[in-house]
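# Structural description and commentary
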Amino acid sequence: MQKKFDPKVFQLGYVALGTPDIARTKDHYLEIMGMTEVARGDDGSVYLSIGYNHHDLVLRPTKEKALLHVGFHLKPHISIADFAREAREHGLAATVKTDSQPGIAELVEVEAPGDVAIQFYSAIAAPAPGFKQTGASPLRLGHVAIISPEGDKLIAFFQDFLGFFLTDDIAGIANFLTCNRDHHVVNIVKAPDSRVHHIAYELRESSQHGVAADTLRAAGVNLLWGPSRHTAGHNVAAYHHDPNKVMVELYTEMDTFVPELGMCEPRPWHEHFPMKPKSWGIFELNAWGADFAFNLAAG
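Residues numbered from 1 in each chain as written. Predicted model: local features only at pLDDT ≥ 70, side-chain atom pairs only at ≥ 80, totals over all residues. Heavy atoms only, no water.

The next subject is unusual backbone geometry. Cis peptide bonds are those with omega within 30 degrees of zero, and the linkage from Gly226 to Pro227 qualifies with 5°. Among the secondary structure elements, Pro227 is positioned in strand E14 (residues 225–229). A positive phi angle is found at Asp115, which is not glycine, with a value near 60°. Tracing the sequence through the fold places Asp115 in the loop between strand E7 (104–112) and strand E8 (116–121). Since its relative accessible area comes to 64%, Asp115 is described here as exposed. Positive phi, close to 65°, is recorded for Lys245, a residue that is not glycine. Mapped onto the secondary structure, Lys245 falls in the loop between strand E15 (236–241) and strand E16 (247–252). The exposed category is assigned to Lys245, whose relative accessible area is 53%. (Helix = DSSP H or I, 4+ residues; strand = E, 2+ residues; numbered from the N terminus. Buried < 20%, exposed > 50% of the residue type's maximum accessible area, 1.4 Å probe, protein only.)

Together, Tyr52, Phe131 and Leu139 line one region of the surface with nonpolar side chains, adding up to about 300 Å² of accessible area. A relative accessible area of 40% means that Phe131 is categorised as partly exposed. (Patch = residues over 30% accessible without salt bridge, like charges linked within 9 Å, V, L, I, M, F, W, Y side chains within 5 Å. Areas by Shrake-Rupley, 256 points an atom, 1.4 Å probe, with all protein chains shown as cover. Salt bridge = Lys/Arg side-chain N within 4 Å of Asp/Glu carboxyl O.)

Applying the stated criterion across every chain yields a total of 17 salt bridges. Between Lys8 and Glu86 there is a salt bridge, and its shortest N-O distance comes to 3.7 Å. Placement of Lys8 in the segment before strand E1 (9–19) and of Glu86 in helix H2 (residues 80–89) is noted, with a sequence separation of 78 residues between them. With a relative accessible area of 28%, Glu86 lands in the partly exposed category. Two residues, Arg40 and Glu37, come together in a salt bridge whose shortest N-O distance is 2.5 Å. The exposure class assigned to Arg40 is exposed, which follows from its relative accessible area of 58%. We classify Glu37 as partly exposed; its relative accessible area is 26%. When salt bridges with common partners are traced through the structure, they connect Lys26, Glu37 and Arg40 into a single cluster.

The next thing to look at is the pairing of E15. Burial within E15 is extensive, with 6 of its 6 residues counted as buried. Across the two faces of E15 the burial is the same, with Val236, Ala238 and His240 and Ala237, Tyr239 and His241 all buried. As defined by bridge partners, E14 adjoins E15 across 3 bridges and the pair is classed as antiparallel. Bridge pairing in E15 places Ser228 opposite Ala237. Counting the residues between successive antiparallel strands, the hairpin from E14 to E15 contains 6 residues, one of them, Gly233, with a positive phi of roughly 95°. Note: E15 against E16, 6 bridges, orientation antiparallel. Paired with Val236 across the strands is Thr252, a residue of E16. Turn length for the E15-E16 hairpin, with the two strands adjacent in sequence and antiparallel, is 5 residues, and the turn residue Lys245 shows positive phi of about 65°. (Pairing = 2+ DSSP bridges.)

Shown next, in the form of structure tokens:
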């Protein structure tokens, strides 16, 4: 049974990736995705902004591609010190860091199940470098999907400690959770691997799917899947690989979740009413019924 919906965070802030080819990867997000570089770290990291916050994506040079950490914005009434104390009382390793990255004066890094590093902060600088009019030009960072061999424990961390709500699952493998009115902010994929499955960015409107696809194609990047409508979340989505073979989703029309009712706002394309949390079948990825040669589950 779901607990009262009272999450400690209200939005996903940023994702940090390790890349063995930071030049090509940075160019992909700058030139094709339409982000702006706002800072560099002493370790060679680059901080990229979609348009308002200091950074939405961090890229760091590493020998192999990796998910380094994920950042969430704490609710205003929760202090860093109190959050760190609660995490430790919950049996989690929590480290308070000051000036560990540009744009964030203080944060607490928690080691979540499956060795997933998650950072929590109360404030991030907003230099507002501006939203680009070139490339895919996303509106915002929407969600992150993480593959974990300790999926059940990671789901419990998001539900029991952070207060997320489970909105849907696909065959019990992909599990969708939210901390706000988006259908999902994280997707935990239970599989014998430990990595990012995909990072998702919301486009400004559905007409941008064609512009984004044309931009990718002109740069020699093929779409892997879509645009098509999902079932869980009902977002119209398209996927491609960045230069590290990290899957990137561009989407629109994500379901709006109403926590007070435990359901999504009704939409004409919903399969049933009310659209409450549902377990979808493994072959129910696509609401429009088309088969895909690409294995989306494997990423």
